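Chain residues, written in single-letter form:
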Amino acid sequence: MHSIATFIPSPSNGVWHIGPLPLRAYALGIIVGAIFAIWIGERRFTARGGRAGLISDVAIWAIPFGIVGARVYHVITDPELYFGDGRSVIDAVKIWQGGLGIWGAVAGGAVGALIACRRYGVSFSSVAGALAPGLLVAQAIGRIGNYFNQELFGKPTTKPWGLEIDLVNRPDGFEQFATFHPTFLYELLWNLAAAALLIAIDRKFKLTGDRVFALYVMLYTAGRFWIEQLRIDPVNDLGPFRLNVWTSIVLFVLATAYFVATRNKSREDEQAESEASAESE
């Protein structure tokens, strides 16, 4: 009898070629994730009486700003990869070689969305709230690219769901281990569960858009806090934690404080702010 595999096998390739053009799994995940985020955002925004197509218009601004922000965050938090002896500053702009930070993506995307909202005379709060669950879904889909690239996995494990990693992709000091925690899968499942919970809470309590977005930050950072501590990829540390763990802690505290401080805010207040914003344009 053949034994049943007690691990998750990794794909042998994360790039496919269509003629001379390379199709990368990571880029494909980002594109598919963005499509889902826009679709979910459109449905939520129009359900609250918003203009159909507005979220797509905002996305035209938010996506490029988000990509730039994601790259800037990566370069800032891993400067040793691009500056110093033997390094080329030009590599910092070679985004196709990998290296994006979710925190920078959210911050940059928010800047782009804010610009778009001002141009279209719509409340940024309502747009952010409509997009929040879709962002979690997009982040979940994007993690599939890490699976194909055999990257950002966790500590060694012998659990049945351990992820098989090829020797060439194992970090120094871990060559003797074959299977690792599939942190991409942990975050994927966490994000999908958080998206469902966010929608359910919003439906029950009818939160304003800014509070939905704050809750999104709270849920995501709570998951990222423990998942990040499983990862073994090289990263800069600050005291006892990885830099991304500290970022999660700070953002969770700020989002929670905002969520509590705005607990008496209603959708009527948000609608009034939106109308005032539209009249001022």
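Residues numbered from 1 in each chain as written. Predicted model: local features only at pLDDT ≥ 70, side-chain atom pairs only at ≥ 80, totals over all residues. Heavy atoms only, no water.

## Some words on the pattern of salt bridges
When the charged atoms of two side chains with opposite charge come close together, those side chains can pair. Under the definition given, this model contains 10 salt bridges. Ionic pairing is found between Arg-231 and Asp-233, a salt bridge with its closest N-O pair at 3.1 Å. The pair Arg-231 / Asp-233 is uniform in exposure class, with both members buried. Residues joined by salt bridges that share partners form a network here, namely Arg-224, Glu-228, Arg-231, Asp-233 and Arg-242. (Salt bridge = Lys/Arg side-chain N within 4 Å of Asp/Glu carboxyl O. Buried < 20%, exposed > 50% of the residue type's maximum accessible area, 1.4 Å probe, protein only.)

## Brief notes about empty space enclosed by the protein
Going through the model one piece at a time under the given rule, you end up with one cavity of 30 Å³ or more. Looking at the largest cavity, its volume works out to about 40 Å³. Taken together, Arg-143, Asn-146, Glu-151, Leu-152, Thr-183, Phe-184, Glu-187, Ile-227 and Arg-231 make up the full set of residues lining the largest cavity. Of all the elements, helix H5 (residues 183-205) adds the most residues to the lining of the largest cavity, at three residues. (1 Å grid on protein atoms, 1.4 Å probe; cavity = no way out; pocket = protein on both sides within 12 Å on 5 of 7 lines; lining within 4 Å. Points joined across faces, edges and corners; volume = space filled by probe spheres on them. Helix = DSSP H or I, 4+ residues; strand = E, 2+ residues; numbered from the N terminus.)

## Observations regarding the packing of helix H2 (residues 54-77) against helix H4 (residues 124-149)
Where H2 meets H4, the axes come as close as 11 Å, and the angle between the chain directions of the two elements is 90°. With respect to H4, the axis of H2 lies roughly perpendicular. Contact residues: Leu-54, Ile-55 and Val-58 in H2; Val-127, Ala-130 and Leu-131 in H4. When the residues that make up the contact of H2 with H4 are grouped by side-chain class, the tally is six nonpolar, no polar and no charged. (Axes fitted to C-alpha atoms, helices over the stretch in contact; angles between N-to-C directions. Parallel < 35°, antiparallel > 145°, perpendicular 65-115°, else oblique. Contact = heavy atoms within 4.5 Å. Nonpolar A, V, L, I, M, F, W, Y, C, P; charged D, E, K, R; others polar.)

## Considering the packing of aromatic side chains
Applying the stated rule across the entire model yields 11 aromatic pairs. Between Tyr-147 and Phe-148, the ring centres sit 5.6 Å apart and the planes meet at 70°, which makes this aromatic pair edge-to-face. Judged by its relative accessible area of 18%, Tyr-147 falls in the buried class. Residue Phe-148 is classed as partly exposed on the basis of its relative accessible area, which comes to 23%. Each residue in the set Trp-16, Tyr-147, Phe-148 and Phe-184 is aromatic and connected to the rest through ring pairs, giving one cluster. When the ring centre of Tyr-120 is taken as origin, the NZ or CZ atom of Arg-51, which lies over that ring, is 6.0 Å away. Across from the ring centre of Phe-205, 5.6 Å away, lies the NZ or CZ of Lys-204, which sits over that ring. (Phe/Tyr/Trp six-rings, centres within 6.5 Å; stacked < 30°, edge-to-face > 60°. Lys NZ or Arg CZ within 6 Å of the ring centre and 35° of its normal.)

## Let's talk about H2
Given a rise of 1.5 Å per residue, 24 residues ought to cover 34 Å, and the 34 Å separating the end C-alpha atoms of H2 matches this to within 8%. Most pronounced at Ile-60, the bend in H2 amounts to some 30°, and the proline Pro-64 follows within four residues. (Expected span 1.5 Å × (residues − 1). Bend = angle between axes of the 7 residues up to and from the residue.)

## Things to note about the nonpolar core
Of all hydrophobic cores here, the largest spans 21 residues; its most connected members are Leu-136, Leu-198, Leu-215, Tyr-216 and Phe-259. Only H4, H5, helix H6 (209-228) and helix H7 (243-261) provide two or more residues apiece to this core. No other element matches H6, which puts eight residues into this core. Beyond its immediate chain neighbours, meaning those up to four positions away, Tyr-216 contacts Val-106, Ala-132, Leu-135, Leu-136, Gln-139 and Leu-198. Ranked by size, the runner-up nonpolar core spans 12 residues in total, among them Phe-45, Ile-55, Cys-117 and Val-122. (Core = buried A, V, L, I, M, F, W, Y, C linked by side-chain atoms within 4.5 Å.)

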